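Breakdown of the fold
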Amino acid sequence: MRKLYAGGREFVWKGELHHVSGERDCHRCVRLRVWGAGKNSRVLQADLLSKAVLPWGCASDNSYPTPKDVREVIDRALAHGWDPDVAGGVFFLSEAEHAAEFELTDFLLTDRLRDEGAPDPTTRVLSAFDRATGSPS
């Protein structure tokens, strides 16, 4: 568990490593969980899809959220209704609701860990790569 201080409050967070499968590749995904008022408070959860495009099969890169990334996720969640003082439950920063307007430098939001029918992560990663480089992959 790591600590981050923001807005006069201490947040505790952790990232769990996973992989999600796409139609053409699999991708590193980090499930970020953040608590703002102790272990029984409403947890913030965001599944972060690495934007890494690598030349070999399953994209086993070493992407992991930085404190800056975590702060951006916290700020987004607070602005969209997360109340860390509420007891219990989970606030999801979901791809379906937030991905169109929210992206981190090295990560995209994904719902693929919770929903196999969520948009293809390979297509989304390649699209982000194309936007970043200005060329089709």
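Structure's up top.
Note that this is a predicted model, so its numbers are computed, not measured.

1. Considerations on the packing of aromatic side chains
According to the stated counting rule, one finds two aromatic pairs in the structure shown. Geometrically, the ring pair formed by F11 and W82 is tilted, given 5.9 Å between the ring centres and 40 degrees between the ring planes. Taken together, the residues span a long stretch of sequence, with F11 in strand 2 (residues 9-21) and W82 in the loop between helix 1 (67-79) and strand 5 (90-92) at a distance of 71 residues. We classify W82 as buried; its relative accessible area is 3%.

2. A word on the pattern of salt bridges
Across all of its chains, the model carries eleven salt bridges by this definition. Taking the shortest distance from any N to any O, the salt bridge between E10 and K3 comes out at 3.9 Å. On the basis of relative accessible area, E10 is assigned to the partly exposed category, the value being 31%. Owing to a relative accessible area of 56%, K3 belongs among the exposed residues under this scheme. E16 is the salt-bridge partner of K14, the closest N and O atoms lying 3.2 Å from each other. Taking relative accessible area as the criterion, K14 reaches 29% and is therefore assigned partly exposed. Here the residues in one salt-bridge network are K51, E103 and R131, joined through shared partners.

3. With respect to helix 3 (residues 121-133)
Relative to the 18 Å expected for 13 residues at 1.5 Å per residue, helix 3 spans 18 Å between its end C-alpha atoms, a close match to the ideal helical length. The set of residues buried in helix 3 consists of P121, T122, R124, V125, L126 and A128. If you follow the buried residues of helix 3, they end up packed against strand 2, strand 3 (26-35), strand 4 (43-50), helix 2 (95-98) and strand 6 (107-109). Trailing helix 3 by a residue or two, G134 shows a phi angle of about 75 degrees, which is positive.

4. A closer look at the nonpolar core
Grouped together as the largest cluster of nonpolar side chains are 22 residues, with contacts concentrated most on V34, L44, V73, I74, W82 and L93. If one sorts the elements of this core by residue count, helix 1 sits on top with four residues. In contact with V34, other than residues within four places in its own chain, are F11, V12, W13, R42, V43, L44, V70, I74 and W82. Core analysis: the second largest hydrophobic core is formed by six residues, V20, C29, L108 and V125 among them.

Rules of the game
- Residues numbered from 1 in each chain as written.
- Predicted model: local features only at pLDDT ≥ 70, side-chain atom pairs only at ≥ 80, totals over all residues.
- Heavy atoms only, no water.
- Phe/Tyr/Trp six-rings, centres within 6.5 Å; stacked < 30°, edge-to-face > 60°.
- Helix = DSSP H or I, 4+ residues; strand = E, 2+ residues; numbered from the N terminus.
- Buried < 20%, exposed > 50% of the residue type's maximum accessible area, 1.4 Å probe, protein only.
- Salt bridge = Lys/Arg side-chain N within 4 Å of Asp/Glu carboxyl O.
- Expected span 1.5 Å × (residues − 1).
- Contact = heavy atoms within 4.5 Å.
- Core = buried A, V, L, I, M, F, W, Y, C linked by side-chain atoms within 4.5 Å.

This is a description of form; function is not addressed.
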